[in-house]
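What follows is the residue order along each chain.
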Amino acid sequence: MSTNTQQFSVPDDLTAPQTKLVYLSLRVMEEATVTELQDLLALPKLTLLSVLESLVSSGFARRTEGGYASQ
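Residues numbered from 1 in each chain as written. Predicted model: local features only at pLDDT ≥ 70, side-chain atom pairs only at ≥ 80, totals over all residues. Heavy atoms only, no water.

1. Focus on unusual backbone geometry
Its identity as a non-glycine residue notwithstanding, Glu30 has a phi of 75 degrees, on the positive side. One can find Glu30 in the loop between helix H1 (17-29) and strand E1 (31-32). You will see that Ala42, though not glycine, has its phi angle at about 55 degrees, which is positive. Turning to its location among the elements, Ala42 is positioned in the loop between helix H2 (34-41) and helix H3 (45-57). (Helix = DSSP H or I, 4+ residues; strand = E, 2+ residues; numbered from the N terminus.)

2. Considerations on the pattern of salt bridges
The final tally for this structure, using the stated rule, is one salt bridge. For Glu53, the salt bridge goes to Arg63, with nearest N and O atoms at 3.5 Å. Residue Glu53 is located in helix H3, and its partner Arg63 is located in strand E2 (residues 61-64); the two are separated by 10 residues in the primary sequence. With a relative accessible area of 56%, Arg63 lands in the exposed category. (Salt bridge = Lys/Arg side-chain N within 4 Å of Asp/Glu carboxyl O. Buried < 20%, exposed > 50% of the residue type's maximum accessible area, 1.4 Å probe, protein only.)

3. Here we look at the side chain of Ser70
Note that Ser70 resides in strand E3 (residues 67-70). If near-sequence neighbours (up to four positions away) are discounted, Ser70 is found in contact with Leu26, Arg27, Glu30, Phe60, Ala61 and Arg62. (Contact = heavy atoms within 4.5 Å.)

By themselves these figures say nothing about function.
Right, here's the structure in full:
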(Lines give C-alpha, C1' and ligand atoms only; values in the text may rest on other atoms or scores of the structure.)
Protein backbone atom coordinates (compact mmCIF):
# COMPACT_ATOMS: atom_id res chain seq x y z
CA MET A 1 0.00 0.00 0.00
CA SER A 2 1.41 3.34 -1.02
CA THR A 3 0.80 6.52 0.91
CA ASN A 4 1.41 10.03 -0.34
CA THR A 5 2.15 12.38 2.51
CA GLN A 6 2.70 16.07 1.91
CA GLN A 7 3.89 18.46 4.55
CA PHE A 8 3.00 22.12 4.40
CA SER A 9 4.52 24.80 6.54
CA VAL A 10 2.61 27.82 7.75
CA PRO A 11 4.22 31.20 7.05
CA ASP A 12 5.39 32.98 10.21
CA ASP A 13 3.21 35.98 9.25
CA LEU A 14 0.09 33.94 9.94
CA THR A 15 -0.50 33.90 13.67
CA ALA A 16 -4.26 33.45 14.25
CA PRO A 17 -5.39 29.80 14.53
CA GLN A 18 -8.34 30.27 12.15
CA THR A 19 -6.10 31.91 9.56
CA LYS A 20 -3.63 29.03 9.76
CA LEU A 21 -6.48 26.52 9.43
CA VAL A 22 -7.94 28.19 6.34
CA TYR A 23 -4.49 28.63 4.77
CA LEU A 24 -3.60 24.95 5.25
CA SER A 25 -7.01 23.88 3.95
CA LEU A 26 -6.46 25.87 0.78
CA ARG A 27 -3.00 24.36 0.37
CA VAL A 28 -4.41 20.83 0.63
CA MET A 29 -7.53 21.46 -1.47
CA GLU A 30 -5.69 23.72 -3.97
CA GLU A 31 -8.97 25.57 -4.69
CA ALA A 32 -12.19 25.84 -2.71
CA THR A 33 -15.37 27.83 -2.48
CA VAL A 34 -16.43 29.53 0.72
CA THR A 35 -19.21 26.95 1.08
CA GLU A 36 -16.76 24.06 0.74
CA LEU A 37 -14.52 25.59 3.39
CA GLN A 38 -17.52 26.24 5.62
CA ASP A 39 -18.60 22.59 5.36
CA LEU A 40 -15.07 21.33 5.97
CA LEU A 41 -14.06 23.63 8.81
CA ALA A 42 -17.42 24.39 10.46
CA LEU A 43 -16.58 28.09 10.58
CA PRO A 44 -19.18 30.83 10.03
CA LYS A 45 -19.25 32.24 6.50
CA LEU A 46 -18.53 35.78 7.72
CA THR A 47 -15.44 34.54 9.55
CA LEU A 48 -14.25 32.69 6.46
CA LEU A 49 -14.77 35.70 4.22
CA SER A 50 -12.79 37.89 6.59
CA VAL A 51 -9.94 35.37 6.83
CA LEU A 52 -9.89 34.79 3.07
CA GLU A 53 -9.76 38.50 2.28
CA SER A 54 -6.92 38.84 4.78
CA LEU A 55 -5.04 35.99 3.08
CA VAL A 56 -5.63 37.56 -0.34
CA SER A 57 -4.46 41.02 0.75
CA SER A 58 -1.35 39.48 2.33
CA GLY A 59 -0.53 37.54 -0.83
CA PHE A 60 -1.06 34.06 0.63
CA ALA A 61 -4.20 33.31 -1.41
CA ARG A 62 -5.93 34.54 -4.53
CA ARG A 63 -9.47 34.76 -5.80
CA THR A 64 -10.37 32.47 -8.66
CA GLU A 65 -13.44 32.03 -10.82
CA GLY A 66 -14.46 29.12 -8.60
CA GLY A 67 -13.56 30.54 -5.20
CA TYR A 68 -10.13 30.85 -3.60
CA ALA A 69 -6.77 29.18 -4.09
CA SER A 70 -3.46 29.21 -2.26
CA GLN A 71 -0.55 31.11 -3.78
